Every structure is written in structure tokens, then in C-alpha cells.
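Observations on chain architecture
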Amino acid sequence: MAASARQYHVWVGAESGALKAVNLRRKEAVNYGVGPALGREAAVSVLSWGDSEGEVLLGRSDRSVQRLDTRKGTLSSARSCPGGEGDFCGIAAHGRALITCVQSGLIKVWHEDSAEDTELCRGGLCRMRQDPTRPQRLGTAGKENGLKVWDLQQPGGGPLFRAKNVPNDWLDLRVPIWDRDFCFVPGTEQLLTCTAYGQVRLYDSATPRRRPVLQVTYGEGPLTALALAPGGTSVVVGSARGDMAVIDLRQGRLLKCLKGIAGSVRGLQCHPSLPLVASCGLDRFLRLHNLDDKRLLHKVYLKSRLNCLLLSSCQDLEAEDAPPPAVKEEEEDGDALWDSMETISARKRAPKRKSSGL
């Protein structure tokens, strides 16, 4: 198991507590961290890369965090991270420090060589993510807790950006806030959010306007996950009804829908350079779609309800394994055997005698 850990393309966290490594080309899955003590109380709720793709960070529902070395295939011992209430809604690494966030809004930075932990406690949250280009920055979003951007180098200075709620509706009623997921747009000051009321919103923290610069409504169910497509011009969203769609951020319209999902979408991630998106959810299937032609490239049944995933940046996800040479030799031997057999001519049947009618 340890020698072949780098051959897996997707890492998936399950409600059963297992971390599943999936090879899409072979349709194979291997469980890490399986034991008698695991169950829904130790479900894998969040996944994140470490400093590189050589390390996977996983947070469990029992407030324990583990590190998996993908090169050696070894899983570290669990580290307890108490504080706050609810499951983990985000995990990240910043240097040698570990960053955790729980649903009650408690964000903690755990240092290995320091007994004191930096704490940022702000309301109820649904998601915490790290800026991929500036790892010292974090974003948070939740229910009645709008999008905010924090700087770990300024823990007591308040958020760098605080989103403002949209104007009242046509009845002059306040629009509720419930951001289920969000992501940073690399290389820019923009952020994308999806809400439980079906809206996809684009914010630009570089402008003085704190309200969304673009808003698109999709579907009838709550949106649960989103992922930025390669190129940054479109976003993939998934809903609690099992719908997946690609939305154009330049024109603010629906581009295409991805079919084949039967349950709520829990995790989405796009490949950084290829037009591919991986998804998982409550129907226990891991799927890989092509964003250009909407084809379902891979579909793997993983037996447990799935919460989150990580898609590696390898370039061979669409390649197919070559057939084994033994099968080809058997086919050639069979053809040679048939060619060497003598052809038997068909016998002519005698004509029937006509009855005399007597």
C-alpha cells in the first residue's frame, strides 16, 4: 500500500471514517485509517493539501486531525484539536502551523513549538478556505455570517474585507444570508460564493463596493458546493438535489448541465489545467466529468456516503490502461488455429418427392 500511494488520483473522505484513495484508470479504491474505533463519530468532514500534494490533511468529526504522507502511504497519529462546537468546516496548513475552523465560528492556529494558540471567534460558519496564492489569508462564510477575508499576520485588526448584504427584495424585505461554499479566484482580489437559496455571487475586494458585482440564480434547491473551472471564466456548482451546472462568469448565464448524479453533492474540485471536474456526495459515487463535452469519464462506487474530496494535478486522468499482452497473444493464437482448419463444403440436400395425391 505504501509503495503505490502516489498512483492514486483522488482522495475522498467518507462518513464511515475512512480516507479512500482512488485510482480512476483502474477503478480501484484503497481505505486508509480503517479501524474498529471509526464510525460516524469519526467521519472525515474536511480535506486539504498540506504544503504540497505530498501531504493530505484530514479533519474528523471527533475533533482530531491526521496527516497522510502520499509518497510513503503512512498516516500519522491523531492530534486532538478541541474548542468550539460542531464539525470542522475548514482545515489548512501555513508553514509548520495547523489552522482549523469549526461550525461555531472558532478559528484556531496550532503551533508545534508554541503553547499559545491564536484564536479568531466570529459567529457560525459553513466554510473556511485558504487563499492558494497568499496562504496567510483566510476566507470565511456561513449562515447570517457574510463573506469575510482575514489576515493571519493581523489577527487583532479585523477582517480585510467584509461583504455587504444585497439590497432588500421587491417587497422591501431583508434578504437572508446563507453562504454554503466559496472560493478564491487565484491571482485576483475576487471571490465566488454559492448560497442555500440558489445564488452564485462574485465579489471584488479591490473595489470600494462590498456588494456582489455579479449574481446568477440557478435551480430550485440549495447550492452546496462550487469549484472554479480552469481559466477562471466559469464556475461549477452542485446542489442538494443532485444538480450540477457550469456557469459563465463573463456573461452571467448557464453554459451547460452535467448529468448522472442521484444524490446531494458534497464535494467538488476542478483540475488546475485540464477541463475536468470531480464530484462526490450522498449517492456514494465518485464521478469525473469532462467540462468541454459533458461526458462522464469515470464513475467509481465507494460503498459509503462521501463528504469531501481532493483531486490531484496529474495529467493522465483521461488516459486508459493498455490491455495486457497475454490477451492479445491468445487472440492471435486463436486466429491462427481457425485459419489452419480445413473448410468443409456444405452437402446438397435431395429434392423432396411430390405426393401422388392418392
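Quick notes on the rules
- Residues numbered from 1 in each chain as written.
- Predicted model: local features only at pLDDT ≥ 70, side-chain atom pairs only at ≥ 80, totals over all residues.
- Heavy atoms only, no water.
- Helix = DSSP H or I, 4+ residues; strand = E, 2+ residues; numbered from the N terminus.
- Buried < 20%, exposed > 50% of the residue type's maximum accessible area, 1.4 Å probe, protein only.
- Contact = heavy atoms within 4.5 Å.
- Phe/Tyr/Trp six-rings, centres within 6.5 Å; stacked < 30°, edge-to-face > 60°.
- Lys NZ or Arg CZ within 6 Å of the ring centre and 35° of its normal.
- Pairing = 2+ DSSP bridges.
- Axes fitted to C-alpha atoms, helices over the stretch in contact; angles between N-to-C directions.
- Salt bridge = Lys/Arg side-chain N within 4 Å of Asp/Glu carboxyl O.
- pLDDT = per-residue confidence, 0-100.
- Polar contact = N/O pair within 3.5 Å; in protein donor to acceptor, adjacent residues only side chain to side chain.

**Brief notes about the overall build of the protein chain**
Secondary structure summary: the protein chain contains one helix and 29 strands in total. Relative to its 358 residues, the protein chain shows a buried fraction of 47%. For the protein chain, the proportion of contacts with a sequence separation of at least 24, taken over those separated by at least 6, is 43%.

**Focus: the packing of aromatic side chains**
Applying the stated criterion across every chain yields a total of six aromatic pairs. Summarising the aromatic geometry, the rings of Trp 11 and Tyr 32 are spaced 5.8 Å apart at their centres and angled 50 degrees between planes, so their arrangement reads as tilted. In this pair, Trp 11 sits in strand S1 (residues 10-14) while Tyr 32 sits in strand S3 (residues 28-32), placing the two residues 21 residues apart along the sequence. In terms of burial, Trp 11 and Tyr 32 fall into one category: buried. Relative to Tyr 197, the ring of Trp 178 has its centre 6.3 Å away and its plane inclined at 70 degrees; by these criteria the two rings are edge-to-face. Linking Trp 178 in the loop between strand S16 (161-162) and strand S17 (179-184) with Tyr 197 in the loop between strand S18 (190-195) and strand S19 (199-204), this pair joins segments that are 19 residues apart in sequence. By relative accessible area, which is 39% here, Tyr 197 ends up partly exposed. Taken together through their ring pairs, the aromatic side chains of Tyr 8, Trp 11 and Tyr 32 make up a single cluster. Over the face of the ring belonging to Trp 178 we find Lys 143, whose NZ or CZ atom lies 4.3 Å from the ring centre. Above the face of the Phe 285 ring, Lys 299 is positioned so that its terminal group lies 4.5 Å from the ring centre.

**Details of the sheet that holds S3**
Strand pairing within a sheet occurs via backbone hydrogen bonds; the two strands may be parallel or antiparallel. Across the sheet, four strands lie side by side as S3-S2-S1-S29; this open sheet has antiparallel pairing. Here the strands that pair on one side only, and so sit at the sheet edges, are S3 and strand S29 (306-311). Within the sheet, the average angular offset between the axes of one strand and its neighbour, ignoring direction, is 25 degrees. When S1 meets strand S2 (residues 19-23), the two strands line up antiparallel, connected through four bridges.

**Notes on the sheet that holds strand S13 (residues 127-130)**
Taken in spatial order, the four strands of this open sheet run S13-S14-S15-S16, and their pairing is antiparallel. Bordering the open sheet on either side are S13 and S16, each of which pairs with just one other strand. In the sheet, strand S15 (residues 145-151) pairs with S16 via two bridges, with the strands oriented antiparallel. Bridging across to S16, Val 149 finds its partner in Phe 161.

**Re the environment of Leu 296**
By the element assignment, Leu 296 lies in strand S28 (residues 296-301). Under the relative-accessibility criterion, Leu 296 is labelled partly exposed at 38%. Here the alpha-carbon distance between Leu 296 and Val 277, two residues 19 residues apart in the chain, equals 9.9 Å.

**Section: the pairing of S19**
By the criterion of burial, S19 is predominantly enclosed, with six of the six residues buried. The alternating pattern of S19 places Gln 199, Arg 201 and Tyr 203 on one face and Val 200, Leu 202 and Asp 204 on the opposite face, and all of these are buried. Here S18 hands over to S19 after three residues, with Gly 198 in that stretch at a positive phi of 90 degrees. Here S19 runs beside strand S20 (residues 214-217); their pairing, made up of four bridges, is antiparallel. In the sheet register, Gln 199 faces S20, and the bridge partner there is Thr 217.

**Considering the pattern of salt bridges**
For the structure shown, the criterion picks out 14 salt bridges. A salt bridge links Arg 40 to Glu 15, with the nearest nitrogen and oxygen atoms 3.9 Å apart. Here Glu 15 lies in the loop between S1 and S2 and Arg 40 lies in the loop between S3 and strand S4 (44-49), a separation of 25 residues in the sequence. Residue Glu 15 is classed as buried on the basis of its relative accessible area of 14%.

**Side note on the confidence of the model for the protein chain**
Taken residue by residue, the protein chain gives an average pLDDT of 85. The fraction at 70 or more is 83%. Here residues 321-333 is a poorly scored stretch, pLDDT under 50, and it has two contacts once near neighbours within four places are set aside; other chains count.

**Quick notes on the side chain of His 271**
If you trace the backbone, His 271 turns up in the loop between strand S25 (265-270) and strand S26 (276-281). Of the residues examined, His 271 reaches a relative accessible area of 1% and is grouped as buried. A distance of 3.4 Å separates a polar atom in the side chain of His 271 from the backbone oxygen of Ser 313.

**Focus: the side chain of Asn 23**
Among the structural elements, Asn 23 can be located in strand S2. Assessed through its relative accessible area of 5%, Asn 23 is described here as buried. The residues touching Asn 23, leaving out its near neighbours within four places in the chain, are Gln 7, Tyr 8, His 9 and Glu 28.

**Examining unusual backbone geometry**
In terms of backbone geometry, most residues other than glycine have negative phi values and most peptide bonds are trans. Positive phi outside glycine occurs at Lys 27, with the angle close to 60 degrees. As for its placement among the helices and strands, Lys 27 is situated in the loop between S2 and S3.

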